[in-house]
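Here's the letter readout for the chains.
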Amino acid sequence: MSLKELKALQSQVARAIEGFEERRKKDALAAVEETAKSLGFSLNELVGAAPVRKRAPAKAKYADPANPANTWSGRGRKPGWAVAALKAGKTLDDLAI
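Residues numbered from 1 in each chain as written. Predicted model: local features only at pLDDT ≥ 70, side-chain atom pairs only at ≥ 80, totals over all residues. Heavy atoms only, no water.

1. Observations regarding the overall build of the protein chain
So the rule is basically this: Strands are runs of DSSP state E lasting at least 2 residues, helices are runs of H or I lasting at least 4, and numbering of each runs from the N terminus. Here the globule rule reads 2.2 Å times residues to the power 0.38, and the radius of gyration is calculated from C-alpha atoms. Between buried and exposed lies partly exposed: a residue is buried under 20% and exposed over 50% of the maximum accessible area for its type, with that area taken using a 1.4 Å probe on protein chains only. It only takes one pair of heavy atoms within 4.5 Å for two residues to be counted as in contact. Where accessible areas are quoted, they stem from the Shrake-Rupley method and a 1.4 Å probe; at the residue level, only the protein chains shown are allowed to cover.
A tally of helices and strands in the protein chain yields 4 helices and 2 strands. Listed by position from the N terminus, the elements making up the protein chain come as α-α-β-β-α-α. Against the globule reference of 13 Å for 97 residues, the protein chain gives a C-alpha radius of gyration of 26 Å, more extended than a compact globule. Put simply, the protein chain has 97 residues, and 12% of those count as buried. If you take every contact in the protein chain between residues at least 6 apart in sequence, the share linking residues at least 24 apart comes to 25%. For the protein chain, the accessible surface area stands at approximately 8,500 Å², while carbon and sulfur atoms represent 56% of it.

2. Section: the confidence of the model for the protein chain
Basically, it comes down to this: One confidence number per residue, pLDDT, is output by the predictor and ranges from 0 to 100.
Overall, the predicted model of the protein chain reaches an average pLDDT of 92, with 100% of residues at or above 70. Mean pLDDT values for the elements of the protein chain range from 85 in helix H2 (residues 43-47) up to 95 in helix H1 (residues 3-38).

3. Concerning a nonpolar patch on the surface
Worth spelling out the cut-off: Residues enter a patch when their relative accessible area is above 30% and they make no salt bridge; the linking distance is 9 Å between like charges and 5 Å between nonpolar side chains (Val, Leu, Ile, Met, Phe, Trp, Tyr). For this document, the term salt bridge refers to a Lys or Arg side-chain nitrogen within 4 Å of an Asp or Glu carboxyl oxygen.
Where nonpolar side chains cluster on the molecular surface, the patch consists of Met1, Leu6, Leu9, Val13 and Ile17 and spans about 470 Å² of accessible area. Structurally, the position occupied by Leu9 is in helix H1.

This is the structure in structure tokens:
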């Protein structure tokens, strides 16, 4: 076999091992959840994990005056259009929706 074929085989083996481990984890988790359910508990109750809360996306607070489709919620890094507007002398209040 050539080196290229061996490397391709190696990556296939690595993916197969990873897939096998993921399937085993899922099977084990399903078995534990089923056991907890048969005893009248949820798995989260037994391990003390807080339920996962999903956040709604933040609403846009600022818009690009040149293109109102460009918006920013005020969270995270300032987008380029906001930085440029601030350098041009505008304030965030000027960009507010």
